[in-house]
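Structural characterization, general
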Amino acid sequence: MIGSLQGWLDTPYLSCPAKLDQAAQQLTSVAFKDASGRTHHLLIGPGVQCIDDSGLHDVMRGEETQIWGSGLDEGAVCILPGTHSKWAWIGKAGEIQKFRTYMTGELFALLTKYGILGRLMKPGQDEGAFKRGVLLGRNDCAHASHIIFSVRTAGLMASLPADSLSDYLSGILIGLEIGGSMALSGSLPRHIHLIGDDELCMRYVKALHVVNIQAVMSNTTATAGLWKLATTAGVVKA
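Residues numbered from 1 in each chain as written. Predicted model: local features only at pLDDT ≥ 70, side-chain atom pairs only at ≥ 80, totals over all residues. Heavy atoms only, no water.

What the rule picks out here adds up to zero disulfides. Here cysteine 78 stays unpaired: no disulfide links it, and the sulfur of cysteine 201, its closest cysteine neighbor, is 11 Å away. The class for cysteine 201 is buried, based on a relative accessible area of 0%. (Disulfide = S-S within 2.5 Å. Buried < 20%, exposed > 50% of the residue type's maximum accessible area, 1.4 Å probe, protein only.)

Okay, here's the thing in structure tokens:
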């Protein structure tokens, strides 16, 4: 994020389909001096942007290097879970054809910490409630705010205990991602790649299993992606 508006220097975005060699040609140099007065240059990679069929813009910064570092094959679909979860579709030579961002992590935090839903919740885990939420979100993604409110009514009417509501909400939000992505592409492959923190990815492993999709875990790939970017740009030798 040092290349964002909130970072050191606002750097440009590549448009989808975005390729690694294009990014290597658009590195932004930032000069700085060390304690002895010597000047050095830091290179910042560009982000990636796309526009969906409705004309809505989407952006990512950093996830593109993880995707390129993962070495995914043409036709692959990958998820990068997080505060702002990313779904990306991969084309030839690892190009990012399109992607979509879901504010799943941030919504979960806001709804549970500052919204009315959190008032009925107690700490706990319930895999059955999570699966129930995933299916509800996947099947009824057109009524997102309505089914999210069902977390409150489930607590009020005691159809779920207080210590199950957190997992139920988590399942709904991830199910909404799956349903929305199915609507975007028409269908999803039988295997989807997960890139990111193991604990976050495991929730998606379980959610995808509920809808009969196998998750394929990728190792942490940011370093590999940055190395590929640097070698392609000729900054370092392979």
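This part covers the side chain of glutamate 95. Tracing the sequence through the fold places glutamate 95 in the loop between strand E7 (85-90) and strand E8 (96-102). Apart from the residues within four sequence positions on either side, glutamate 95 is in contact with Pro17, Ala18, Lys19, Trp89 and Ile90. (Helix = DSSP H or I, 4+ residues; strand = E, 2+ residues; numbered from the N terminus. Contact = heavy atoms within 4.5 Å.)

What follows is about the packing of helix H4 (residues 127-139) against helix H6 (residues 165-185). Close contact between H4 and H6 brings their axes to 6 Å; oriented N to C, the two are set at 30 degrees. If you check the angle between H4 and H6, you find them roughly parallel. For the element pair H4 and H6, the recorded crossing hand is right-handed. Contacts between H4 and H6 involve Glu127, Ala129, Phe130, Arg132, Gly133, Val134, Leu136, Gly137 and Arg138 from the former and Asp167, Tyr168, Ser170, Gly171, Ile172, Ile174, Gly175, Leu176, Ile178, Gly179 and Met182 from the latter. Tallied by class, residues from the contact of H4 with H6 come to 10 nonpolar, six polar and four charged. (Axes fitted to C-alpha atoms, helices over the stretch in contact; angles between N-to-C directions. Parallel < 35°, antiparallel > 145°, perpendicular 65-115°, else oblique. Left-handed = near helix turned anticlockwise from the far one by under 90°. Nonpolar A, V, L, I, M, F, W, Y, C, P; charged D, E, K, R; others polar.)

Turning next to the layout of surface pockets. If a probe as big as a water molecule is rolled over the atoms, it shows which places are left empty. One number sums up the size of the largest pocket: a volume of about 520 Å³. Forming the boundary of the largest pocket are 21 residues, of which Phe130, Asp167, Ser170, Leu200 and Arg203 lie nearest the centre. Elements with a minimum of two residues in the lining of the largest pocket: helix H3 (104-113), H4, H6 and helix H7 (198-210). Tallying contributions element by element places H7 first for the lining of the largest pocket, with six residues. In this structure, the second largest pocket occupies an estimated 380 Å³ of space. Around the second largest pocket sit 19 residues that line it, and Leu43, Ile44, Gly45, Leu226 and Leu229 are the ones nearest its centre. Contributing elements (two or more residues each) for the lining of the second largest pocket: strand E3 (39-44), helix H2 (63-70) and helix H8 (222-232). At four residues, E3 tops the list of elements feeding residues into the lining of the second largest pocket. (1 Å grid on protein atoms, 1.4 Å probe; cavity = no way out; pocket = protein on both sides within 12 Å on 5 of 7 lines; lining within 4 Å. Points joined across faces, edges and corners; volume = space filled by probe spheres on them.)

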